[in-house]
Structure formats: C-alpha cells, structure tokens
Amino acid sequence: QDVALPGSFVVFLLYWLLVFEPPLKLLSCLTHGLNFLVMAVDVVLSCQPFYLLHGAYFAAYCAIYILFTLIFWGAEGRNQDNDKFIYSSIDWGGDAGGAGATVGFVFIVGIPLVYLMLWILVYLRSNKSEAYSTLKNMPRDQEMAEV
C-alpha cells in the first residue's frame, strides 16, 4: 500500500488534469478512477500500517518512472499514436523545459504533499478505530462515568 495507494492517486490526478481529452470513455474512468477508489476502500477497511518514512519507496517508484520516460524518449520509442512520448505533458523531445518543469514540480511538491495527505488520512483512520475499539471493550459502568 505504501506505493500502490499514492501511485494510483497520482495517476488518477495527473491523468484527469494533464492528459484527459473528451469524449469521456468507460475505460478511462475504470483505469484512472476506479483503481484509486478500490485502493482507498482497501486502506479504509484494512488495518495495515502506512508509515510516513515509507514515502521514500514511493519517491523511488516515481524516480524510476521518470527515468523510464527518458529512456523511452532516448530509444525513440513510440506511443499508440506514433508520437515520441508516452504523455504529451512529458515530451522530452518537443518541450524538454516544460517536461522538466512538470516532472520537477510533481516530484518536489506533488509527491510529498500527496504522501503526507494520505498518511494523515490513514493516521486518522487508525486513531478512530483504536478509540472505537477502546470504547467498545470498556466496562459499561466506566463508559457511563466518562460521559
């Protein structure tokens, strides 16, 4: 979950902000929306810990993807439309400065913010479930005395 949850959220966010072009297609919604929703439900229903320091794994995953886009461009790879980029927002050949700015902003600002936001949500979930568990297991007379 340390990589899959923030990864699915970043894919969801960046697709709808940078890549999406109408008309709306069911496959796009399932791939770039439902995926994150399933991950979010999994996090809410599970009790798996989500450590803040594990954000380094997510940053490494993102760095590897950025490196892959550079290798794809350098090897003259082609996307399904025969373009020399995977996504137009990261076109190293056409607008290297814009691609670098996009990648830099996402990597320096976006990734830490996303991971921190998700960590806070999981932290709140964990504390709420611990408080509920404590209240549920409390003897009835003690529960009334604390109210």
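A brief structural summary.

### Observations regarding helix α3 (residues 55-74)
Point 1. If you check α3, its first and last C-alpha atoms are 29 Å apart, about what 20 residues at 1.5 Å a residue would give, namely 28 Å.
Point 2. Within α3 the residues assigned to the buried category are G55, F58, C62, I66, T69 and F72. One side of α3 carries all its buried residues, which in axial view fall inside an arc of 120°. Across α3 from its buried face, at more than 90 degrees, point the exposed residues A56, I64, I71 and G74.
Point 3. Among the residues trailing α3, E76 stands out with phi positive, at a value near 55°.

### With respect to the packing of helix α1 (residues 4-19) against helix α2 (residues 26-45)
Point 1. α2 packs onto α1 with a crossing angle of 150° between their chain directions and a minimal axis gap of 9 Å. As α1 runs across α2, the sense of the crossing is left-handed. Counting all contacts with α1, which are made through A4, L5, S8, F9, V11, F12, Y15 and W16, the residues of α2 involved are S28, C29, H32, G33, N35, F36, M39, A40 and V43.

### So, the nonpolar core
Point 1. Core analysis: the largest hydrophobic core is formed by 14 residues, its most contacted members being L5, F50, F58, V114 and L118.
Point 2. Every element with two or more residues in this core is listed here: α1, α2, α3 and α4 (96-137).
Point 3. Considering every element that reaches this core, the biggest residue donor is α4, with five residues.
Point 4. Residue contacts for V114: discarding those within four places in its chain leaves P6, F9 and V10.
Point 5. I66, I90, A99 and V103 belong to the second-largest nonpolar core, a separate cluster that totals five residues.

### Details of the side chain of D2
Point 1. Checked against the element boundaries, D2 lands in the segment before α1.
Point 2. Of the side chains with opposite charge, R125 comes closest to the buried, unpaired D2, at an N-O distance of 9.7 Å.
Point 3. Engagement of the side chain of D2 in a polar contact is seen with the side chain of H54, the distance being 2.5 Å.
Point 4. In this structure the side chain of D2 is engaged in a polar contact, spanning 3.5 Å, whose partner is the side chain of Y115.

### A closer look at the packing of aromatic side chains
Point 1. Within the structure shown, the criterion is met by 12 aromatic pairs.
Point 2. Relative to Y115, the ring of F58 lies with its centre 6.3 Å away and its plane at 25°, an arrangement referred to as stacked. With F58 in helix α3 and Y115 in helix α4, this pair connects stretches of sequence that are 57 residues apart.
Point 3. Taking the centre distance of 5.3 Å and the plane angle of 25° together, the rings of W119 and Y123 count as stacked. One end of the pair is W119 and the other is Y123, both in helix α4 and four residues apart, which spans about a single turn.
Point 4. Residue W119 is classed as partly exposed on the basis of its relative accessible area, which comes to 24%.
Point 5. Judged by relative accessible area, which is 43%, Y123 ranks as partly exposed.

### Let's talk about a nonpolar patch on the surface
Point 1. On the surface, L26, L30, L34, L37, V38, V41, V44 and L45 cluster together to form a nonpolar patch covering roughly 780 Å² of accessible area.
Point 2. Position of L45 relative to the elements: it lies in helix α2.
Point 3. Classification of L45 by relative accessible area gives exposed; the value is 69%.

Definitions and cut-offs
- Residues numbered from 1 in each chain as written.
- Predicted model: local features only at pLDDT ≥ 70, side-chain atom pairs only at ≥ 80, totals over all residues.
- Heavy atoms only, no water.
- Helix = DSSP H or I, 4+ residues; strand = E, 2+ residues; numbered from the N terminus.
- Expected span 1.5 Å × (residues − 1).
- Buried < 20%, exposed > 50% of the residue type's maximum accessible area, 1.4 Å probe, protein only.
- Arc of directions from axis to C-beta.
- Axes fitted to C-alpha atoms, helices over the stretch in contact; angles between N-to-C directions.
- Left-handed = near helix turned anticlockwise from the far one by under 90°.
- Contact = heavy atoms within 4.5 Å.
- Core = buried A, V, L, I, M, F, W, Y, C linked by side-chain atoms within 4.5 Å.
- Lys, Arg positive; Asp, Glu negative; His and termini not counted.
- Salt bridge = Lys/Arg side-chain N within 4 Å of Asp/Glu carboxyl O.
- Polar contact = N/O pair within 3.5 Å; in protein donor to acceptor, adjacent residues only side chain to side chain.
- Phe/Tyr/Trp six-rings, centres within 6.5 Å; stacked < 30°, edge-to-face > 60°.
- Patch = residues over 30% accessible without salt bridge, like charges linked within 9 Å, V, L, I, M, F, W, Y side chains within 5 Å.
- Areas by Shrake-Rupley, 256 points an atom, 1.4 Å probe, with all protein chains shown as cover.

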